[in-house]
Amino acid sequence: MHTTPLNAFHRDCNARLVEFAGWEMPVVYTGIIEEHNYTRQHCSVFDVSHMGRVEFRGPDAGRLLERLSTRNIGQAKPGMCRYSHVCRDDGGILDDVIVSCFEDHYLVVCNASNREKLLGWWQQQRRGFDIEITDRTFETAMMAIQGPEALQTMGRLLPFPIDDLKRYRFKTGNIMGADYFVARSGYTGEDGVEIILPASFAAPAVQMLVSQSAGLERPIKPAGLGARDTLRLEAGMPLYGHELTEDWDSITAGQEWAVDLTKEFIGSAVLKRIKAEGPRRKVAGFELEGKRIARPGAPILHNGQEAGVITSGTQSPTLGKNIAMGLLASPLALPGTKVEIDIRGTKTPAAVVPLPFYKLGT
Amino acid sequence: MVVPNDRRYSQTHEWFKVDGTTVTIGITQFAADQLTDITYVDLPKVGAAVEGGSHFGEIESVKATGELYTAVSGTVKAANTRLADEPGLVNSDPFRAGWMLKLECRDVSPLDKLMDGPAYDSMIAET
């Protein structure tokens, strides 16, 4: 099992560590709901070093990434990050990634569970392209600092200003020989930054963040993967293996915004057809009655007939509601549709609701 | 972790505390920690009969759903109604305020086969 450069920090913080995608990761420190609420109200730091960080370098890097990505990468200027899907010829989603465009190369951040699969896929697809693909995952660390106070608090702690950083833009800097990457992005539905730095600098950096901010009125506190999941779910963000899989495509996943059909890429022909015909099924949001949580795999029923399947569910700490996402027959995937969810044999009334469940500033 | 030695423990992390013919049932701190923040506990009603070796209820957390097992048969004398509004009591005080059921039992001897505190402690130390 891999450990991140922050493993000792997690242990010092009494985190409960679990295996996740081959990495030992903190699922919770003090309590998932407590960490969730602190992130919504103040600011938390998440270790996301398990995510893959892969560099694309060479004259054809942009051209290859354009072919591999559903989003328009070629038009990205240095300093910009683009959320994108990577799919197969048949439209099946291989992963969702963030591509950051540098002056002379690109950095692709992918899911930990998909890193090796993608490295293999990219090796297959790079033939004929003048490009070098380097996995930087193990020589770097990554943390996400998220919450309404993240920018302000981090602004005081970083050696360069970030208040002028726009969403999905990044800056780089160098502190005592260590290259830093700071992007205004995240996976919580809050404002915040994601930082990449050399592995050996990560532990002192997180110590510094937590200890220097300890003097502030609202210090940065660590939050685990448990809170990260409930935060992303409230924000209606898809999770690979749940809302995104090789079994369906980006349009079915409700992520059409992340697909640019004006360009050619692997899978674009199929996606154009699905767009023209309309997807048979679509990922939708649900609000359930009662307190029993719909877990992935729970059947969704309409008029007693199976019409879909739940992909994620939880009790929303922010809204106090029982929420879920699931794949539903398209004609039904409209807000207001009444359905039932079969929770371990009990039919639970639910309604389709718009996504996201939680939006910043509402 | 030190667990109370005034009760018995199942492999599935429930505890059973005997007081005459009444057996109080709950889950251990270890189980509550594993489940993470508990959001819902589904318990049988007073008067219901539960059978030893079968599940009597369900527990849900932000992350997972689990079943609750009893090692003894009995009739439900009381269910912890506080858990409906404060399921987090199972996380914060699983051995006392977070109890779940009180059963009236004819035969508490099946509990003799369960672990005592030190035995349970060493079992969870190995996981």
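Look above for the structure.
**A few points about the pairing of strand E13 (residues 192-198) of chain A**
The side chains of a regular strand alternate between the sheet's two faces. All names here are of chain A. Most of E13 sits inside the fold, with six of its seven residues counted as buried. Pairing analysis gives seven bridges linking strand E10 (residues 140-146) to E13, with the strands arranged antiparallel. By the bridge assignment for E13, Gln146 is matched with Gly192. In terms of strand pairing, strand E12 (residues 178-183) meets E13 through three bridges, oriented antiparallel. Counterpart to Val182 in the pairing with E13 is Ile195.

**Focus on the sheet that holds strand E8 (residues 105-110) of chain A**
All names here are of chain A. Spatially, the five strands line up as an open sheet ordered E6-E7-E8-E5-E9, and their pairing is antiparallel. Edge positions in the sheet fall to strand E6 (81-87) and strand E9 (132-135), since each has one partner strand and no second. Averaged over all pairs of adjacent strands, the angle between strand axes in this sheet comes to 30 degrees, irrespective of strand direction. Of the pairings in the sheet, the one linking strand E5 (residues 52-57) to E9 comprises four bridges and is antiparallel in character. For Phe56, the partnering residue across the bridge sits in E9 and is Ile133. Sheet strands in contact with helix H3 (residues 61-68) are E5, E6, strand E7 (93-101) and E8, and its direction is about 130 degrees off that of E5.

**Digging into the interface of chain A and chain B**
The partner chain B presents 14 residues to the 17 residues of chain A that form the contact. Among the residues of chain A in contact with chain B, Arg16, Lys291 and Arg295 of chain A are the three that bury the most area, contributing 41% of the side total. Where chain A touches chain B, the interface holds four salt bridges. Here Glu58 of chain B makes a salt bridge to Arg344 of chain A, at a shortest N to O gap of 2.9 Å. The interface formed by chain A and chain B holds 16 residue pairs in polar contact (both at pLDDT 80 or more) in total.

**What to know about the sheet that holds strand E20 (residues 346-353) of chain A**
All names here are of chain A. Overall, antiparallel pairing links the six strands, which are arranged E15-E18-E17-E16-E19-E20 in a closed barrel. With strand direction ignored, the average angle separating the axes of adjacent strands in the sheet is 45 degrees. For strand E15 (residues 281-288) and E20, the ladder comprises four bridges, and the chain directions are antiparallel. Along E20, the bridge assignment pairs Leu288 with Ala350. In the packing of helix H7 (residues 225-234) onto the sheet, contacts are made with strand E17 (305-315) and strand E18 (322-329), and the angle to E17 comes to roughly 125 degrees.

**Looking at the environment of Pro331 of chain A**
If you trace the backbone, Pro331 of chain A turns up in the loop between E18 and strand E19 (338-343). Separated by 15 residues in sequence, Pro331 of chain A and Thr346 of chain A have C-alpha atoms that sit 24 Å apart.

Reading the values: the criteria
Residues numbered from 1 in each chain as written. Chains lettered and ligands numbered in written order. Predicted model: local features only at pLDDT ≥ 70, side-chain atom pairs only at ≥ 80, totals over all residues. Heavy atoms only, no water. Buried < 20%, exposed > 50% of the residue type's maximum accessible area, 1.4 Å probe, protein only. Helix = DSSP H or I, 4+ residues; strand = E, 2+ residues; numbered from the N terminus. Pairing = 2+ DSSP bridges. Axes fitted to C-alpha atoms, helices over the stretch in contact; angles between N-to-C directions. Contact = heavy atoms within 4.5 Å. Buried area = accessible area lost by both parts, 1.4 Å probe. Salt bridge = Lys/Arg side-chain N within 4 Å of Asp/Glu carboxyl O. Polar contact = N/O pair within 3.5 Å; in protein donor to acceptor, adjacent residues only side chain to side chain.

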